[in-house]
Every structure is written in structure tokens, then in C-alpha cells.
Amino acid sequence: MQNNKLILGTLLLNLFIAFLGIGLVIPVTPTIMNELNISGSTVGYMVSAFAFAQLILSPLAGRAVDKYGRKPMIIIGLFIFSMSELLFGLGQTVEVLFASRILGGVSAAFIMPAVTAFIADITTNETRPKALGYMSAAISTGFIIGPGIGGFLADIGTRVPFFFAATFGMIAMILSVFTLREPERHYADTPTIKQANGFSKIFSPLYFVAFLVLLISSFGLASFESLFALFVDRKFGFTAKDIALAISLGAIVGVIVQVGLFDRLTRWFGEIRLIRYSLILSTALVLVMTYVTSYFAIILVTMVVFVGFDLMRPAVTTYLSKIAGDEQGFVGGMNSMFTSVGNILGPIAGGLLFDVNLNYPFYFATIILTVGIILTFFWRQPKLSVDSDATKLSS
């Protein structure tokens, strides 16, 4: 029997390191832009290159996770992640930096479905929400700590954060080689969609509403996050420190909720109702953001608005993992793909509207998120058999 708690800890550490690596390079990006005389639009294209690579590869990677196994995809993904960070640290041309970001998107496409499927394999329907809450918390914590470490390392050298991320990625890969063992899969009683083939499964009633909610929520969150700094700078004169404080406090509150409350809330409400209430909370606060005027009110709204998103995303992942049966990788890949689409389109739509009026991106995000709320009322929870596999995580 595998030591599932050790394995879960390794998986969470892998995610933490991967997202720490993404976060710690944020403070040095402006310096790299100045060194290589890169325009803001070029940086935007590089971000899009990451997202497009993840978007295109996620469905294929999800299939590969089911076909070739969870562990190989995690190890390959961590290796690619390490190489992408090293390449960015060494890069002296725009072309090399673009190649680095594309590799980064490929690594994300490999890692996320594999880790999600692995966690589904070693947990039961009862213990899975807690594990997936920890998973979201590991991602959020990496983002929180990353910029701070990146800023500290940048004092040594502007390329040091990238080398640091590459080293940690390689350490995570080596740790995974020796710690992880391919899990057994037990999904005999789960309502997997066998009658559909290939990508036609996307449109199954069991999956499609969940995927649409993922797309809508990631669109709304990406639109909000990408314009938040500009919004509070132009409208309220926030400094960089003010912006960092608001986002960091929001992320910290999100981690606390994910670790301490997500499992209980899932048991109380069920995934679909928790998703609905989380969307309602976030939608209301995105709209409220356009009306508040005081500094502390803005900080408070920002802190709480992320809680809704931080609860909604693992709730959707939990729901999908319960109905996916032996196609955990496929569902994980689709999860990543639909999230990527929202992450690409949200900032584009928000940016265009921001140029017209500062409040328009938030009004538009409110409308889109409201559509997500309406969708949840047409969503029905399938009946699932209790998973009694004693080898899975029990606490």
C-alpha cells in the first residue's frame, strides 16, 4: 500500500514549486523588458503564448495522462518547466523568451491534469474535497510567496530568480521520481460517459455545464485581475505597494478558506450549490468595486472577492473528478483547456472595454458571471456510488 499522505504532500509540493516559479519572476519582468528593449505589447504576446500553448496541449496531455500514466506526465512536465525557466534566464533575444514561455505553457498542460488525476486516484469521494482544497491552496501560496522571493533574489541579479525556479523545478522532478508510484484506478461504479467518443464527451450534460462554468468564471476572474491594478491606479491613485497589499491579503484569505473551510462547505452544500453561492458572492463584489470610494473599502472588497473564486474552482474540480470515472486525465485536460480560454479572452475583452471606460470591464465581468449563476440552476448532481477503496487517502 502506498503512503498516500506522503504522495499527496509530494504532489502539493510540486504544484507549490511550479507556481512559486511563475510568481517569483513577476518583479523582474520590467527589468528584463528594459534590458532587451521589449515593448508592453510584446510582453502581452508572451503571456498569450504561454496560455495558447497550454490551451492547445491540455486536451492531448489529458488523454496522455489516462493512457501513459500520471507519474510520467508529472515528471516530464516538471522537467519542461525547469528547462523553460532556465531558457528564460539565459535568453538574450525576444525569440528565446517566446520559446521559454511556450515551453512553460506545455509544462502547465502536462502537470495540472496529471496532478488532479493523481489526487482523484488516491482519495475517496469523501476525502477528495479536502485534498483538492489543499491543491488550490498550494497554487495560491506559490503565487503569494513567489513575488516576494523574486524581489529578494533580483537584488543579487535580474536573472537569478529564473535560475532559482529552474533548480527547484529539477529538485521537484527528482523528488517525484523517487517518491511517487503510479496509483491504482478504481472507478467501476462511477458514471463515466462511455457512449460518447473523443471530444464529443465535452457536450455531455454531465460535463458541459461544468466546463461552461469554468470558462465563465476564469473569464471573469482574468478580466478582473488583469485590469485591477490599472483600475485602482487610475481611479484611486493606488501605489504599487497598495496594489500588492490588496492582492496579497486577498490571496492569504483565499488560502485560509481553502484549507480551513472548503471541505466543510462542500459537505454542507454539495459542489453545485457551493459553486452557485461562490459565483453570487464574486459577482456582487465585482460590481461593488465600481461603487466603493474609500481606501479600506477597496481593500476589503478585494480581499473577499477572491474568496468566491477560490472556493468555486476546487468545487468544480471536485465535481468533475467524481463523475470522470477512469477518464480523470481527459477531464483534467478539459479543465485546463477551458480555464485557459477564459484566461486568454478575459484580459483581451477587459482591456478593450477599459480604454472606453474604467468601469466597463467590471460591468461586463458582472454580466458574464451572472450567466454562470443562471447556468448552475440548470445543473443536476448525478447519483454517485460511495467509493470504499481502503487503500485511498482516509484523512
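Quick notes on the rules
Residues numbered from 1 in each chain as written. Predicted model: local features only at pLDDT ≥ 70, side-chain atom pairs only at ≥ 80, totals over all residues. Heavy atoms only, no water. Helix = DSSP H or I, 4+ residues; strand = E, 2+ residues; numbered from the N terminus. Polar contact = N/O pair within 3.5 Å; in protein donor to acceptor, adjacent residues only side chain to side chain. Contact = heavy atoms within 4.5 Å. Buried < 20%, exposed > 50% of the residue type's maximum accessible area, 1.4 Å probe, protein only. Arc of directions from axis to C-beta. Core = buried A, V, L, I, M, F, W, Y, C linked by side-chain atoms within 4.5 Å. Expected span 1.5 Å × (residues − 1). pLDDT = per-residue confidence, 0-100.

## Some details on the side chain of S100
Inspection of the secondary structure assignment puts S100 in helix α5 (residues 94–121). In terms of polar contacts, S100 uses its side chain to reach the backbone carbonyl oxygen of S84, at 2.6 Å. Here S100 is in contact with S84, L87 and F88, once residues within four sequence places are set aside.

## Some points on helix α10 (residues 262–269)
Those residues of α10 not exposed but buried are F262, D263, L265 and T266. Projected down its long axis, α10 carries its buried residues within an arc of 165°, all on one side. In α10, those exposed residues whose orientation departs by more than 90 degrees from the buried face are R267 and W268.

## Comments concerning the nonpolar core
Of all hydrophobic cores here, the largest spans 62 residues; its most connected members are V213, M289 and L320. Among the secondary structure elements, those contributing two or more residues to this core are α3 (40–68), α8 (205–236), α9 (240–260), α10, α11 (271–288), α12 (295–323), α13 (328–354) and α14 (360–376). A total of 15 residues in this core trace back to one element, the largest contributor, which is α8. Beyond its immediate chain neighbours, meaning those up to four positions away, V213 contacts I275, L279, M312, V316, G372, L375, T376 and W379. Core analysis: the next-biggest nonpolar cluster, separate from the first, contains 36 residues, M73, A114, I119 and L180 among them.

## Focus: helix α7 (residues 160–179)
Over its 20 residues, α7 extends 28 Å from the first C-alpha to the last, a length consistent with the 28 Å expected when each residue adds 1.5 Å. Taken together, the buried positions of α7 are occupied by P161, F162, A165, A166, G169, A172, M173, S176 and T179. Down the axis, α7 shows its buried residues gathered within 165° of arc, on one side only.

## Here's the deal with the confidence of the model for the protein chain
Any region with low pLDDT has predicted coordinates that should not be read closely. Mean pLDDT over the protein chain stands at 79; residues scoring 70 or higher make up 86%. Predicted confidence is poor over residues 192–196, with pLDDT under 50, and the contacts of this stretch with residues over four places away or in other chains come to 12 contacts. Confidence drops under a pLDDT of 50 for residues 385–395, and excluding neighbours within four residues, the segment shows 34 contacts in the predicted structure.

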